[in-house]
Amino acid sequence: MEIEEVLMARDELIVVTGATGRQGGAVARHLLADGWRVRGVTRSAGSAAARELARRGVEVVTADMGDLASLGRAFAGAYGVYSVQNAMTATSEGEVAQGRNVATAAAEAGVSHLVHGSAGPGTPGTGVAAWDGKLEVAAYARSRGLSLTVLRPTAFMELMTDKDLYPPVAAWHLMPRIVGEDRPLPWLCADDLGAIAAQAFADPATYAGLDIGLAADVRTIAQCRADWRAVTGRSPRRFPMPLWLFERFVGQDLTRMWRWLATHDIPADVDRTRSLLPTAVTVEEFLRRRLA
Ligand SMILES: NC(=O)c1ccc[n+]([C@@H]2O[C@H](COP(=O)([O-])OP(=O)(O)OC[C@H]3O[C@@H](n4cnc5c(N)ncnc54)[C@H](OP(=O)(O)O)[C@@H]3O)[C@@H](O)[C@H]2O)c1
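Parameters and conventions
- Residues numbered from 1 in each chain as written.
- Predicted model: local features only at pLDDT ≥ 70, side-chain atom pairs only at ≥ 80, totals over all residues.
- Helix = DSSP H or I, 4+ residues; strand = E, 2+ residues; numbered from the N terminus.
- Rg over C-alpha atoms; globule rule 2.2 N^0.38 Å.
- Buried ≥ 20, exposed ≤ 12 C-beta atoms within 10 Å, placed from the backbone.
- Contact = placed C-beta atoms within 7 Å.
- Expected span 1.5 Å × (residues − 1).
- Arc of directions from axis to C-beta.
- Pairing = 2+ DSSP bridges.
- Near = placed C-beta within 6 Å.
- Nonpolar A, V, L, I, M, F, W, Y, C, P; charged D, E, K, R; others polar.
- Axes fitted to C-alpha atoms, helices over the stretch in contact; angles between N-to-C directions.
- Parallel < 35°, antiparallel > 145°, perpendicular 65-115°, else oblique.
- Left-handed = near helix turned anticlockwise from the far one by under 90°.

Trainee: Summarise the overall build of the protein; cite the residues concerned and give the values.
Mentor: When helices and strands are tallied, the protein shows 15 helices and 10 strands. Taking 292 residues into account, the globule formula puts the C-alpha radius of gyration at 19 Å, and the protein, at 19 Å, falls close to it. With 292 residues in all, the protein has 46% of them scored as buried. Relative to all contacts within the protein whose residues are 6 or more apart in sequence, the contacts with residues 24 or more apart total 76%.

Laid out in structure tokens, this is it:
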């Protein structure tokens, strides 16, 4: 071990839910780099993503956020827990139930700090289940007396690049049609969310009690497309799927979110995000790293 690694080594354990996914994966990577012991929760320890986590030094445990007892076992001995759910796969009710389970298990395990991966404007009553449900989860965690940090990005830059988010259909076709080509949107990449989450665990005195809207860049879709062209020399691929068919695949909450974004401004404090993480990347830099 290098001397810097020795100085950074920590005894405490952080449990990361969603560790095989985009957010949790980024959180786990940054925690490992900072010298924490990291335990990653997955439903299937045999998956390629789970095996890769184990290879990197994460203790992989099997638990289901729908099963409180399994979370209790996963959180035993933890100093901190990173909590993230996904309404797209769990349903809106499922997301809230899972988020409450994580908070319950964290409180019962005596966890010192919970960081919640939230999203959206942070105001109730948007009608967007994936946003409103996250407020309910955070309120419940507070009611359990947990020391809590809420991290609230709105749009991940990965919407433009990651295959599982169907960029040719969503980011480059239906989203601009519904949100509008020229609506400014707050963007953050998942890796920078992971870096800020790791800071929250390292410095709870600063981060406890905070609910932070995160954005490293504010760009319209038209500007993002221009950034893509500047980086690759061509436009991003578009697949003009009809809206009704898209909604049949993914439900209506996402398109409800886009309609909300078409008519409401999300306060995006880029300066605050940059004060927390000066290296946070812009959309153009993100695309350059991914595509150039
Ligand atoms: N897309 C955006 O622009 C954006 C922006 C801001 C916030 N968000 C929010 O990001 C969240 C999704 O995060 P992500 O992109 O990191 O998701 P993701 O890449 O799809 O990963 C989902 C993770 O959740 C785990 N998981 C799912 N169901 C589980 C269960 N029942 N028990 C235990 N683990 C379970 C999966 O693990 P296994 O499969 O290994 O079990 C996987 O690691 C959503 O809440 C969304 O609202 C998205």
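The structure having been displayed, the exposition proceeds.
Trainee: Lay out the environment of I14 with the relevant residues and their values.
Mentor: Mapping I14 onto the fold places it in strand β1 (residues 13-16). Considering only alpha carbons, one finds I14 and H113, 99 residues apart in sequence, at a separation of 9.3 Å. Residues contacting I14, with those up to four places away along its chain left out, are L31, W36, V38, A78, Y79, G80, Y82 and F201.

Trainee: Summarise helix α11 (residues 221-232); cite the residues concerned and give the values.
Mentor: With 12 residues, α11 extends 16 Å between its outermost C-alpha atoms, agreeing within 8% with the 16 Å of an ideal straight helix rising 1.5 Å per residue. Looking at α11, one finds that the buried residues are I221, C224, D227 and W228. Projected onto a plane normal to the axis of α11, the buried residues spread over an arc of 110 degrees and lie on a single side. The inward-facing, buried residues of α11 abut α8 (170-179), β10 (217-219) and α15 (283-291). A positive phi of about 85 degrees marks G233, the residue just after α11.

Trainee: I'd like a description of the pairing of strand β5 (residues 113-117), backed by residues and values.
Mentor: Here β5 lies mainly inside the structure; five of its five residues are buried. Residues H113, V115 and G117 of β5 are buried on one face, and the alternating residues L114 and H116, pointing to the opposite face, are buried as well. Relative to β5, strand β4 (residues 80-83) runs parallel, the two being bridged by four bridges. From the neighbouring strand, Y82 faces β5, where its bridge partner is V115. As defined by bridge partners, β5 adjoins strand β6 (residues 148-153) across four bridges and the pair is classed as parallel. From the neighbouring strand, L114 faces β6, where its bridge partner is L148.

Trainee: Can you explain the site of the ligand? Please cite residues and give values.
Mentor: Not every one of the 30 residues close to the ligand is listed here, only the nearest: G21, Q23, T42, R43 and A119. Where the shell around the ligand is concerned, the elements lending two or more residues are α2 (22-33), β2 (37-42), α5 (87-90) and β7 (155-156). Taken together, the residues of the shell around the ligand break down into 13 nonpolar, 14 polar and three charged.

Trainee: I'd like to hear about the packing of α11 against α15, residue by residue, with values.
Mentor: Two elements in contact, α11 and α15, have axes whose closest approach is 9 Å; the angle formed by their N-to-C orientations is 40 degrees. What the angle tells us is that α11 and α15 run oblique. In this structure, α11 meets α15 at a crossing whose hand is right-handed. From α11, C224, D227, W228, A230, V231 and T232 reach across to α15, where they touch V283, E284, L287, R288 and L291. Taken together, the residues that form the contact of α11 with α15 break down as seven nonpolar, one polar and three charged.

Trainee: Tell me about the environment of R288, and please be specific about residues and values.
Mentor: As for its placement among the helices and strands, R288 is situated in helix α15. The partly exposed category is assigned to R288, around which 15 C-beta atoms lie within 10 Å. Sequence spacing of R288 and L214 is 74 residues, and the spatial spacing of their C-alpha atoms is 21 Å.

Trainee: I'd like a description of the environment of H173, backed by residues and values.
Mentor: Counting through the fold element by element, H173 comes out in helix α8. Residues H173 and R237 lie 64 residues apart in sequence; the distance between their C-alpha atoms is 9.0 Å. If sequence neighbours within four positions are ignored, H173 has contacts with P168, R238, F239, P240 and M241.

Trainee: Which residues make up the sheet that holds strand β9 (residues 211-214), and what values go with them?
Mentor: Spatially, β3-β2-β1-β4-β5-β6-β9 is the arrangement adopted by the seven strands of the open sheet, whose pairing is parallel. A strand with exactly one partner marks an edge of an open sheet, and here the two such strands are β3 (59-62) and β9. Between one strand axis and the next, the sheet turns through 20 degrees on average, direction left out of account.

Trainee: How would you sum up α2? Please name residues and give values.
Mentor: Taking 1.5 Å of rise per residue, the 12 residues of α2 would be expected to cover 16 Å, and the 17 Å separating its terminal C-alpha atoms lies within 8% of that figure. Among the 12 residues of α2, 10 are classified as buried, and the element is accordingly described as predominantly covered. The complete set of buried residues in α2 reads R22, Q23, G24, G25, A26, V27, A28, R29, H30 and L31. Where α2 is buried, its residues touch β1, β2, α3 (48-56), β4, β5 and α9 (190-202). Where α2 terminates, the next one or two residues include G35, which has phi positive at roughly 95 degrees.

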